[in-house]
Amino acid sequence: MFGILDQQFSWLNFTILALAAVALLLVVLLFVMYAIYFERKVIGWMQLRKGPNRTGPWGLFQTVADVLKLLIKEDVVPKKVDRFLFLIAPIISFTPSFMVIAAIPFTENLYFTDINVGLLYYGAISSLSITGILLGGWASNNKYSIMGGMRSVAQMISYEVPLIMSFLGIVLMTGSLNLRDIVHAQIDSGIWFIFPQFIGFVVFLIAGNAELNRTPFDLPEAENELVAGYFVEYSGFRFAFFMLTEYVYTFALSSLMVTLFLGGWDAPFGLTFIPPIVWFALKFLLLVFYLFWARATFPRVKIQQLMEFAWKGLIPVALFNVMLTAVLKTLGIF
Amino acid sequence: MDYIYSNSYTVITIFLLLGIILPLATVWGVGLILRPKNPAPEKLTTYESGLEPTGDAMVQFNVRYYIFALLFVVFDVETVFLYPWAVAFDELGLFSLIEMSIFIFMLVVGLVYAWKKKVLRWE
């Protein structure tokens, strides 16, 4: 980042990097607050309602008030829970969600890490969150939460396979797992991977939506059957951390999708007078909007449809995409 | 250039620490000062739609979930094998493509077998 990563380690550089990481954390938290506001507004408009409009101008302070409310709620830890696991589950779930953002390159100069296994790092760390969800559901010692936790794990592991396979076409085309190299490959060839890797993109879009546990794949927290799923017993800020995890993953997954398929910070049509970070943000917001749009449009699927769709639909398609890319590359088309 | 490797993992450590500090600082730090503490025996019971909770939730669970977990392990390990192949595909060329086709074919046979055995059905 701005050349600091190339220099020898010193405590001054360490401090700068730590401050930059704190700044990113604040940006992510701000994004989460206004993503929730934006989501409620968008869904409100789509259902011909107004959405939040009471707290502050146009309801802009609604989520700020919600966070404050959660902070001053009493923290109830029921008697029958497995206390230690119950308390650490939100942390286990949240920490990886922030760690994966370290791998994302935002612009040519603004990146936090430059590791050769960036994509593998993202896949590996993001799957650790599942442990937190299962622990939270099990430790609550509540029938709804264990069902929600089990469903959540079954769903997330099933959709993780096609999600990770959908990257493989891109890895084949670039021969690198480094996310900066992947963006550079798109800039150099002048074509974003959404076009040559369209099948991979569609698989990613669907599997990513399921990984985030968002509607139409929000079975783990299907409120009309399971109350709230794996966080039934959580209250106050512990509950907030499970929600936060979900939205931080929205941030991370949309950023990853921009990096992999939409050319990262690359300006389309030679419109380079708009700064790269703005391009990144625009593409990013488009994908975030897609997630909210899907929530307002699709009804929730049934659990058997959900599991069968992953194993009988997405995984064969993702495998086919890998082999197709390899064959086309051998023939010299890519 | 050599420093970038160690520096990157230093940054990842910073992210890890921040990800742990934030929940600790809010739940056990600021939250502890701001939130009320007013325990009552009714509050500490497990929620079960307003009824008295019966039995224990930490019980043996439907085996179907574990079958999917086994399938997941098979396919995730397969993906792990696919990654190095994909990275080195340029150097390996046609021979590796045929080899990988055989490997994927064997796994697809496994998937078809599970499909026909109705393991993938969720009833």
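Residues numbered from 1 in each chain as written. Chains lettered and ligands numbered in written order. Predicted model: local features only at pLDDT ≥ 70, side-chain atom pairs only at ≥ 80, totals over all residues. Heavy atoms only, no water.

Explain empty space enclosed by the protein to me, using residue names and the numbers behind them.
Empty space among the atoms becomes apparent when a probe as large as a water molecule is rolled across them. All names here are of chain A. Counted by the stated rule, this structure contains 6 cavities of 30 Å³ or more. In this structure, the largest cavity encloses a volume near 200 Å³. Considering the residues around the largest cavity, the lining is formed by 18 residues, among which Ser129, Met156, Glu211, Leu212 and Tyr249 are closest to the centre. Put simply, the parts of the chain that give the lining of the largest cavity at least two residues each are α4 (118-126), α5 (129-139), α6 (143-174) and α10 (236-261). Broken down by element, the residue count for the lining of the largest cavity peaks at 5 residues, all from α10. (1 Å grid on protein atoms, 1.4 Å probe; cavity = no way out; pocket = protein on both sides within 12 Å on 5 of 7 lines; lining within 4 Å. Points joined across faces, edges and corners; volume = space filled by probe spheres on them. Helix = DSSP H or I, 4+ residues; strand = E, 2+ residues; numbered from the N terminus.)

Break down the interface of chain A and chain B for me, citing the residues and quoting the values.
Counting from both sides, the interface comprises 85 residues of chain A and, opposite them, 69 residues of chain B. Interface area for chain A against chain B, summed over the two sides, is near 7,300 Å², with a carbon-plus-sulfur share of 75%. Viewed at the interface, chain B and chain A are joined by 2 salt bridges. Linking A:Lys329 and B:Asp90 is a salt bridge whose minimum nitrogen-to-oxygen distance equals 3.0 Å. In this assembly, chain A and chain B are joined by 5 residue pairs in polar contact (both at pLDDT 80 or more). Of the residues contributing to the side of chain A that touches chain B, the split by class is 59 nonpolar, 10 polar and 16 charged. (Contact = heavy atoms within 4.5 Å. Buried area = accessible area lost by both parts, 1.4 Å probe. Salt bridge = Lys/Arg side-chain N within 4 Å of Asp/Glu carboxyl O. Polar contact = N/O pair within 3.5 Å; in protein donor to acceptor, adjacent residues only side chain to side chain. Nonpolar A, V, L, I, M, F, W, Y, C, P; charged D, E, K, R; others polar.)

Can you explain the layout of surface pockets? Please cite residues and give values.
All names here are of chain A. Its volume calculated, the largest pocket comes out at about 780 Å³. What lines the largest pocket is a set of 27 residues, and nearest its centre among them are Ile36, Thr63, Asp66, Val67 and Leu70. Tallying contributions element by element places helix α1 (residues 11-46) first for the lining of the largest pocket, with 9 residues. When its residues are assigned to classes, the lining of the largest pocket shows 18 nonpolar, 3 polar and 6 charged.

Run through unusual backbone geometry, naming residues and quoting values.
All names here are of chain A. Even without a glycine there, the phi angle at Leu48 is positive, about 55°. Among the structural elements, Leu48 can be located in the loop between α1 and α2 (62-71). Residue classification places Leu48 among the exposed positions, given a relative accessible area of 80%. For Asn141, which is not a glycine, the phi torsion comes out positive at approximately 55°. You can see Asn141 is positioned in the loop between α5 and α6. (Buried < 20%, exposed > 50% of the residue type's maximum accessible area, 1.4 Å probe, protein only.)

These figures come from the coordinates and say nothing about function on their own.
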